[in-house]
Amino acid sequence: MFDLTFGEKLVIARKQLDLYQYQMAERLGVHPNSIVKYERGEGKPHSAVLRMFDLLCEKEGIRFDEYAATDKRGEKMKIVLAEKVSPATLAVFEAEPGWEVLTHDKLPDGLPAALADADALVVRSAVQVDDALMEKAPRLRVIGRAGVGVDNIDAEAATRRGIVVMNTPGANAVAVAELTIGLMLALARKLPAANTSMHAGKWDKKNLQGAELKGKTLGILGLGRIGLEVARRARGFGVEIIGNDPFVSAAIARENGILLVSVEDLLAKADYLTLHVGLTPQTHGIINAKTLAAMKKGVRIINCARGELVEDAALIDALKSGHVGGAALDVFAEEPPKNSPYAGFDNVILTPHIAGSTGEAQEAVGIQIARQVREYLKLGVVQNAVNLPSLTHEEYVQLAPYIDLAGRLGSFLGQAGKGGIEAIQIVYSGALTDAKTDLVRNSAIAGLLAGSENVNRINAAAVAEERGIRVHEDKQNGHRGGAGTLLAVELLTAGGASHATATVIHGEQPRLLEFDGIDVEAPLEGTLLVCRNLDVPGVIGRIGTILGECGVNIANFALGRERSGAKPVHALAVVQVDPPVPPVVLEALLTIEALLEVRLVQLS
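The present account deals with the structure reproduced in this document. (Residues numbered from 1 in each chain as written. Predicted model: local features only at pLDDT ≥ 70, side-chain atom pairs only at ≥ 80, totals over all residues. Heavy atoms only, no water.)

Describing the sheet that holds strand β8 (residues 259-260)
The following threshold applies: When DSSP finds two or more bridges between two strands, those strands count as paired. What counts as a helix is a DSSP run of H or I of at least four residues, what counts as a strand is a run of E of at least two, and both are numbered from the N terminus. Any two residues having at least one pair of non-hydrogen atoms within 4.5 Å are treated as being in contact. Axis geometry follows a simple rule: fit a line to the C-alpha atoms, using only the stretch in contact for helices, then measure angles between N-to-C directions, giving values from 0 to 180 degrees.
With parallel pairing, the seven strands of this open sheet are ordered in space as β8-β7-β6-β9-β10-β11-β12. On the outer flanks of this sheet lie β8 and β12 (348-350), each paired with one strand and no other. Bridge count for strand β6 (residues 217-221) against strand β7 (residues 240-244) is five bridges, and the pairing is parallel. Bridge pairing in β7 places Leu218 opposite Ile241. Seen against the sheet, helix α12 (residues 225-234) touches β6, β7 and β9 (272-275) and runs at an angle of roughly 165° to β6. In the packing of helix α16 (residues 312-321) onto the sheet, the strands contacted are β10 (299-303), β11 (324-329) and β12, and the crossing angle to β11 comes to about 135°.

Following this line, the structure appears as structure tokens:
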């Protein structure tokens, strides 16, 4: 038997009590950041915190005997570090008695041979971990990716083989946030021009008058880990911070001194606009001629997120006209950019995608993945997992259609429902009541939050927790109509609730059955127009006529209406069409008097 660390006990207690980190922080009377540090093994808790934790465990009946009894530190474990890592990363594993650690430069017979009896594999981005490599590793239990992307790991093959795949989302958030602040200051004080002038032997003081950040309005588009880190640092400069992110709760925004506003207000009010959203169909080219025209004259734009968020031609025109006072770009649609159109502007700062490139960030990534792998091997605690290891191959095959359905249903609600999510309720019925639904849940959350920064099945649950979004699950034995197995997802937002139910027919076809209380059967695939209207004659005909006039072909037209007896009666149309659907089509549809709302939903 051995003594667990306080951080290990925290992780176990949270799992047993089903608490988020911020909820545990409230129970212990500390800041949520303290819980994060304790669980990472950083910092020493005050005696009062330890006492509060002991009382909580006593009250809730939390015991650690079974974990202590499974002491893995005396067992022989083999860890293969297939790529170069920092000494601090290596030290995490070497501190465990009985663990054999092989580094990338000590694999005389190659990686497959080293993996023959390995328990864990740690990689960065160079090593390709495919099914063929995993076949050479029959004992492999966990693959750790020191970074965010897992394009080099076949996560589906790992799931079939019962191997956990973990990554390290958000480990470089501070590095990106600090560069963002640095670029803001550089734009405000014309630092690149001042430096170039001095190196040229000039003393051009008169032409280098800058501006203070104090009193200005900073607009943050995207309030994920990086956006929130930017806000925390910007507060010290005395700026007013406004932000937009439909996937962050109002409580988290308030805690970080951010006023949540609409995208339109964000663009109209920001003196400095910084982008921290992921790349989706909705955010692609979000900085364009129309949105630039809606911004303040002299606005300064910083992009350390994705190059494709900005339409270069539109930004160039706005810089030439003086409507945009400056820009700082760390990312580009083509990297490295060839013959950059920004090169001739002295009020544009260009950096070669270096936002996350700090020694501290790279080391933090390595240490974080080492600790995650260690905790899984010692305690069975899974953190930041791409997949879940508890499914057999047969179980995975049976669940695969519902994993796909959950992602589609989540994406549908995320695009067609209301923003500002505070809680997510997922209800399973039929065959799903007896299934291991962790992957289904993760897929639904990932679909819902797909418009947010860096959210996918890898980190969806962690991002929801971080943003204060509560996730509840329920299993019900009741059936709806003739469908045997149903998945229902409900969003609770500041503006109300939004609900949808779906199923799989013929073993592979995802179908929407209900949306916001209105029964409607529609395919959950392709390009959909979701129309809410008053149930009066002529609306369906007008929708079809306008789509035809705009050259948009209809593939499926599903209808439904309220049965509550309320007046006026509301109806719903889910129209599957062939892409593309330009914005002018939506504008034309909204001229229909009885049409209350139309949303474009794009499902892969």
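So, next bit.
Looking at the pattern of salt bridges
Here is the rule we go by: When a carboxyl oxygen of Asp or Glu lies within 4 Å of a side-chain nitrogen of Lys or Arg, that pair is called a salt bridge. Note on exposure labels: buried denotes an accessible area under 20% of the residue type's maximum, exposed denotes more than 50%, and partly exposed covers the range between, all computed with a 1.4 Å probe on protein chains only.
In total, this model carries 19 salt bridges according to the counting rule given. Of the charged contacts in the structure, one is a salt bridge between Arg139 and Asp119, with a shortest N-O distance of 3.1 Å. Taken as a pair, Arg139 in the loop between α8 (131-135) and β4 (142-145) and Asp119 in the loop between α7 (111-114) and β3 (120-123) lie far apart in primary sequence, 20 residues in all. The shortest N-O distance in the salt bridge between Arg374 and Glu375 comes to 2.8 Å. The exposure classification of Arg374 matches that of Glu375, with both residues buried. Beyond isolated ion pairs, a larger network of salt bridges with shared partners links Asp516, Arg532, Glu597 and Arg599.

Re unusual backbone geometry
Cis geometry is adopted by the peptide bond preceding Pro336, which originates at Glu335 and carries an omega value of -5°. Assignment of secondary structure puts Pro336 in the loop between β11 and β12. In the segment running from Pro579 into Pro580, the intervening peptide bond is cis, with an omega of 0°. With respect to the secondary-structure elements, Pro580 resides in the loop between β21 (570-577) and α22 (583-589). Of note in this structure, Lys190 is not a glycine but carries a positive phi near 55°. Relative to the helices and strands, Lys190 resides in the loop between α10 (173-189) and α11 (191-199). Although it is not a glycine, Asn339 sits at a positive phi angle of roughly 50°. On the basis of relative accessibility, which here comes to 77%, the residue Asn339 falls in the exposed class.

Quick look at the packing of helix α6 (residues 87-94) against helix α17 (residues 359-379)
Cut-off, in case you're wondering: When describing relative orientation, an angle under 35 degrees is termed roughly parallel and one over 145 degrees roughly antiparallel, while 65 to 115 degrees is termed roughly perpendicular and anything else oblique. Helix crossings get a hand from a simple test, with the near helix turned counterclockwise from the far one by less than a right angle marking a left-handed crossing and a clockwise turn marking a right-handed one. Three classes are used, and their members are as follows: Ala, Val, Leu, Ile, Met, Phe, Trp, Tyr, Cys and Pro are nonpolar, Asp, Glu, Lys and Arg are charged, and the others, Gly among them, are polar.
Relative to each other, α6 and α17 sit at 15°, their axes nearing to 8 Å. Considered as vectors, α6 and α17 are oriented roughly parallel to each other. Both α6 and α17 take part in a crossing whose hand is right-handed. Within the contact between the two elements, α6 uses Ala88, Thr89, Val92 and Phe93 and α17 uses Glu363, Gly366, Ile367, Ala370, Arg371, Val373 and Arg374. For the contact of α6 with α17, the residue count by class is six nonpolar, two polar and three charged.

As for the packing of aromatic side chains
The description of two aromatic rings rests on the distance between their centres and on the angle between their planes. This is how it is decided: Centre distance within 6.5 Å is the pairing criterion for rings of Phe, Tyr and Trp, where only the six-membered ring of Trp is used; planes under 30 degrees apart are then read as stacked, over 60 as edge-to-face, and the remainder as tilted. Any Lys NZ or Arg CZ found within 6 Å of a ring centre and within 35 degrees of that ring's normal is scored as a charge over the ring.
All chains considered together, the criterion is met by four aromatic pairs. Between the NZ or CZ atom of Lys475 and the centre of the ring of Tyr428, over which it lies, the distance is 6.0 Å.

Observations regarding the packing of helix α1 (residues 6-17) against helix α2 (residues 21-28)
Contact pair α1 / α2: the axes reach a minimum separation of 11 Å and the direction vectors enclose 105°. Of the possible angle classes, the one that applies to α1 and α2 is roughly perpendicular. Side by side, α1 and α2 meet where Leu10, Ala13 and Arg14 of the first sit next to Gln21, Met24 and Leu28 of the second. Of the residues contributing to the contact of α1 with α2, the split by class is four nonpolar, one polar and one charged.

As for the sheet that holds strand β13 (residues 421-429)
Across the sheet, six strands lie side by side as β14-β13-β15-β16-β17-β18; this open sheet has mixed pairing. The sheet is open, and its two edges are formed by β14 (470-476) and β18 (518-523), each paired on a single side. Strand after strand, the sheet turns through a mean of 20° between neighbouring axes, direction not considered. Relative to β18, strand β17 (residues 509-515) runs antiparallel, the two being bridged by four bridges.

Observations regarding α6
Heads up, the condition is: Picture the helix axis, draw a direction to every C-beta atom, and the arc is the one those directions span.
Taken as a whole, α6 has its buried residues at Thr89, Leu90, Val92 and Phe93. An end-on view of α6 places all buried positions within 150° of arc, on one side of the element. Exposed positions of α6 whose direction lies more than 90 degrees from the buried face are Pro87 and Glu94.

Notes on the pairing of β3
The alternating pattern of β3 places Ala120 and Val122 and Leu121 and Val123 on opposite faces, both of which are buried. Both strand β1 (residues 77-81) and β3 contribute to a ladder of three bridges, which runs parallel. Each bridged residue has a counterpart across the sheet, and for Ile79 the counterpart in β3 is Ala120. Note that β3 and β4 share four bridges and pair parallel.

Brief notes about empty space enclosed by the protein
Definition in use: The definitions used throughout rest on a 1 Å grid laid over the protein atoms alone, on which a cavity is an enclosed set of points accommodating a 1.4 Å probe that cannot get out and a pocket is an open set flanked by protein within 12 Å on both sides along at least five of seven lines; lining residues are those having an atom within 4 Å of a point. Grid points are joined across faces, edges and corners, and a volume is the space filled by probe spheres set on the points.
By the definition in use, this model includes one cavity of 30 Å³ or more. Roughly 30 Å³ of volume is contained in the largest cavity. Along the walls of the largest cavity sit Gly7, Glu8, Val11, Glu39, Glu375 and Gln383, which together make up its complete lining. The element contributing the most residues to the lining of the largest cavity is α1, with three residues. Considered class by class, the residues forming the lining of the largest cavity number one nonpolar, two polar and three charged.

Digging into the environment of Ile426
Mapped onto the elements of the fold, Ile426 is located in strand β13. According to the relative accessible area criterion, Ile426 is buried, its value standing at 0%. Separated by 59 residues in sequence, Ile426 and Thr485 place their C-alpha atoms 14 Å apart. Beyond its immediate chain neighbours, meaning those up to four positions away, Ile426 contacts Arg441, Ala444, His472, Glu473, Asp474, Leu487 and Ala488.

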